[in-house]
Amino acid sequence: MPALTEPLRARLQYTFNGQYTGTPEWVTDLEKGDDEGFFLPGSAVWAVHGAMSTIPAGVRALLVQALHPGALAGVHDHSRFREDPLGRLAGTIRWIYTVSYGSREAATHASNWVSRLHTKVVGSYDDRNGVSHDYAANDPELLSWVHMAFADSFLAAYLEWGREPVPGGPDAYVREWATAGELMGVPNPPRSVAEMQQQLMDFDHRGVLERTARTDDVVKFIKRPPLFPALKVGYPVLFNGAVGTLQPRFRELLGLRAPHVGPIDLPTRAPAQAMLAGVGGVLGKRPVAEEHALARLDRIGWTAA
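Predicted model only: the values in this text are computed from it and were never measured.

Caption draft 1: The arrangement of the overall build of the protein in detail. What the protein contains, in helices and strands, is 16 helices and two strands. Computed over the C-alpha atoms, the radius of gyration of the protein is 19 Å, within 12% of the 19 Å expected from 2.2 N^0.38 for a compact globule of 305 residues. The dimensions of the protein, computed from C-alpha atoms along their principal axes, are 60 × 40 × 35 Å. Burial status across the protein gives 48% buried among its 305 residues. Sequence separation of 24 or more characterises 75% of the internal contacts of the protein that already satisfy a separation of 6 or more. Accessible area of the protein: about 14,800 Å², with a carbon and sulfur share of 56%. Computed over 30 positive and 33 negative side-chain charges, the separation of the two mean positions in the protein equals 6 Å.

This is how it looks when you write it as structure tokens:
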């Protein structure tokens, strides 16, 4: 069996961290540091970010981010997402796992590094009415949108496909991950699901969100990314699952229809659940990052309360 799954495992691993074999150095570096980190075993963040649901969550987050023309312009003008989409994905995963599992020092350093990169991401875009707007990746409002697009998507995916309840409930995840927002410079990130939903929809109520030809182009790219042939077969199932968890208003803005839902959600939830279980069987049900974080905690003498 290992001989049969190894090629698939190698392709999955390369997709997520840029290496076919072995563990990336930044993952093993999670053992370094002399503090507990911002999040611990048993936290909502460890539960949500350690689940296979992070895969469709990432797809969903990209779709939601694309609704903000400033975020979309930044990706279009400054990112090599077409030439190197997997490299961009691996970089995002590195930041997420470093903040989730690393020491406070490592998490702060990683966030500062991303913020420095963002200083170069500036420009302008024309809205649907032809009015020009300046954008900057480190603009507080844009940071807030990206933070909430992430938190909303990872929570929604976990609630759909996670096997256990969120420790402390959904509000606990939003409250805990607000720390990551603060590390990135988000002013007053939401600390409850209700607050997050209110802030998200406020962007729409203020007329900020829109659909343009550029939006359609990015959505088309997310729907059919340049994956390895072996992974293209199952990707539509995860994409449809991600679309199914979007707020109806966001689907409308993106020009996407809700996937067909039968009496027991077979066309969306169940196939995605089976696909994620298969990926977990190949890669392991929990991320390797957890093992190295636990090694650091053991070294510094941390014990669960």
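Caption draft 2: Region of the structure containing the pairing of strand E1 (residues 122-126). Taken together, the five bridges between E1 and strand E2 (residues 132-136) define a ladder with antiparallel strand orientation. Along E2, the bridge assignment pairs Tyr 125 with His 133. What sits between the antiparallel neighbours E1 and E2 is a turn of five residues, in which Gly 130 has the positive phi angle 85°.

Caption draft 3: Spatial organisation of helix H4 (residues 54-65). Over its 12 residues, H4 runs 16 Å from end to end, which matches the ideal 16 Å to within 8%, given 1.5 Å per residue. Along H4, 10 of the 12 residues are buried, which leaves the element largely enclosed by surrounding structure. All of the buried residues in H4 are Thr 54, Ile 55, Pro 56, Ala 57, Val 59, Arg 60, Ala 61, Leu 63, Val 64 and Gln 65.

Cut-offs used in this document
Residues numbered from 1 in each chain as written. Predicted model: local features only at pLDDT ≥ 70, side-chain atom pairs only at ≥ 80, totals over all residues. Heavy atoms only, no water. Helix = DSSP H or I, 4+ residues; strand = E, 2+ residues; numbered from the N terminus. Rg over C-alpha atoms; globule rule 2.2 N^0.38 Å. Buried < 20%, exposed > 50% of the residue type's maximum accessible area, 1.4 Å probe, protein only. Contact = heavy atoms within 4.5 Å. Areas by Shrake-Rupley, 256 points an atom, 1.4 Å probe, with all protein chains shown as cover. Lys, Arg positive; Asp, Glu negative; His and termini not counted. Charge placed at Lys NZ, Arg CZ, Asp CG, Glu CD. Pairing = 2+ DSSP bridges. Expected span 1.5 Å × (residues − 1).

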